[in-house]
Each structure stands twice: as C-alpha cells, then as structure tokens.
Amino acid sequence: MKKLIAKVFKFAFSFVLISAVIYFVIVAVLMLTGKPKKPDLAQRGPAFDELFFDYSSLPELKSFTARDGTQLAYRHYSAESDKIARGNAHGLGC
C-alpha cells in the first residue's frame, strides 16, 4: 500500500512540476517578445476629435417627472410607418 501511495504522490508531484515549468516557459517567452508595436496612423482608425456631428436635426428635448420628483429628459423619435410590429418581447415569460 505504501508503494502505491508513493507512486501516486510521485506522479502528482511530477505532473505539477512539469506544468509549472511549461507555465514559466510560456511567461518567459511572452516577456521576451515584448509589447506589440503601435499601428500606423492609417491603421489606427478615425480620430474622434475630427468628426463633425450635426445635432440640429434632433427632435426637441422633452421632460418626464419621475416618481421621486426628478426631471428626466428624453427625445421622442416617431415611427415612419403606420404598421404595428408584433413579435416576442424578451423577458415577458411567454
């Protein structure tokens, strides 16, 4: 029985030791390769300070009084169609 326990312990210890060595080798390789290079200006995408947003066509700002008396602002975007959409609503439990 002692030999079986010794074999199991030896197997477990060697498994943990090999796993730790593999882990530290991966960490060392990642540390030696360093960070990726920064992309060129053409690759980085749009600069948001150069974008222009036209807010003049937004619907007027309306307000709603919550139960606690706080004024909440919202904009109402009306539908362009008279058709009523029917479908499953998430969370209704049906």
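What you see is a predicted model, and the numbers here were worked out from it, not measured in a lab. (Residues numbered from 1 in each chain as written. Predicted model: local features only at pLDDT ≥ 70, side-chain atom pairs only at ≥ 80, totals over all residues. Heavy atoms only, no water.)

## Some remarks on the overall build of the protein chain
Then step 1. Within the protein chain, the regular secondary structure consists of 1 helix and 2 strands.
Then step 2. The order of helices and strands in the protein chain, counted from the N terminus, is α-β-β.
Then step 3. Per-residue burial over the protein chain gives 2% buried out of 94 residues.
Then step 4. Carbon and sulfur atoms make up 64% of the accessible area of the protein chain, which totals about 10300 Å². (Helix = DSSP H or I, 4+ residues; strand = E, 2+ residues; numbered from the N terminus. Buried < 20%, exposed > 50% of the residue type's maximum accessible area, 1.4 Å probe, protein only. Areas by Shrake-Rupley, 256 points an atom, 1.4 Å probe, with all protein chains shown as cover.)

## Here we look at the packing of aromatic side chains
Then step 1. Across all of its chains, the model carries 2 aromatic pairs by this definition.
Then step 2. With 5.3 Å between their ring centres and 75 degrees between their planes, Tyr23 and Phe24 make a pair best called edge-to-face. We note that Tyr23, like Phe24, is exposed.
Then step 3. With a centroid separation of 6.2 Å and 35 degrees between ring planes, the pair formed by Phe53 and Tyr55 is classed as tilted. (Phe/Tyr/Trp six-rings, centres within 6.5 Å; stacked < 30°, edge-to-face > 60°.)

## Quick notes on helix 1 (residues 2-33)
Then step 1. Spanning 32 residues, helix 1 covers 47 Å between terminal C-alpha atoms, matching the ideal 46 Å at 1.5 Å per step.
Then step 2. Trailing helix 1 by a residue or two, Gly34 shows a phi angle of about 80 degrees, which is positive. (Expected span 1.5 Å × (residues − 1).)

## Some words on the environment of Ser63
Then step 1. Of note, Ser63 is situated in strand 1 (residues 61-65).
Then step 2. As for Ser63 and Ala73, which are separated by 10 residues in sequence, their C-alpha atoms are 4.4 Å apart.
Then step 3. Not counting the four nearest positions on each side in its chain, Ser63 is found in contact with Gln71, Leu72, Ala73 and Tyr74.
Then step 4. Of the polar contacts made by the side chain of Ser63, one reaches the side chain of Gln71; its length is 3.2 Å. (Contact = heavy atoms within 4.5 Å. Polar contact = N/O pair within 3.5 Å; in protein donor to acceptor, adjacent residues only side chain to side chain.)

## Brief notes about the pairing of strand 1
Each regular strand carries side chains that alternate between the two faces of the sheet.
Then step 1. Taken together, the 5 bridges between strand 1 and strand 2 (residues 71-75) define a ladder with antiparallel strand orientation. Paired with Lys62 across the two strands is Tyr74, which belongs to strand 2.
Then step 2. In this structure, the hairpin formed by strand 1 and strand 2 is closed by a connection of 5 residues, where Gly69 is found at a positive phi of approximately 95 degrees. (Pairing = 2+ DSSP bridges.)

## So, the confidence of the model for the protein chain
Then step 1. The predicted model of the protein chain averages 83 in pLDDT, with 83% of residues at 70 or higher.
Then step 2. Per-element confidence in the protein chain is highest for strand 2, whose mean pLDDT is 95, and lowest for helix 1, whose mean pLDDT is 93. (pLDDT = per-residue confidence, 0-100.)

## Digging into a nonpolar patch on the surface
Then step 1. A cluster of nonpolar side chains, contributed by Phe9, Phe13, Leu17, Val21, Val25 and Val29, occupies part of the molecular surface with about 600 Å² of accessible area.
Then step 2. Note that Leu17 resides in helix 1.
Then step 3. In this structure Leu17 comes out as partly exposed when scored by relative accessible area, which is 46%. (Patch = residues over 30% accessible without salt bridge, like charges linked within 9 Å, V, L, I, M, F, W, Y side chains within 5 Å. Salt bridge = Lys/Arg side-chain N within 4 Å of Asp/Glu carboxyl O.)

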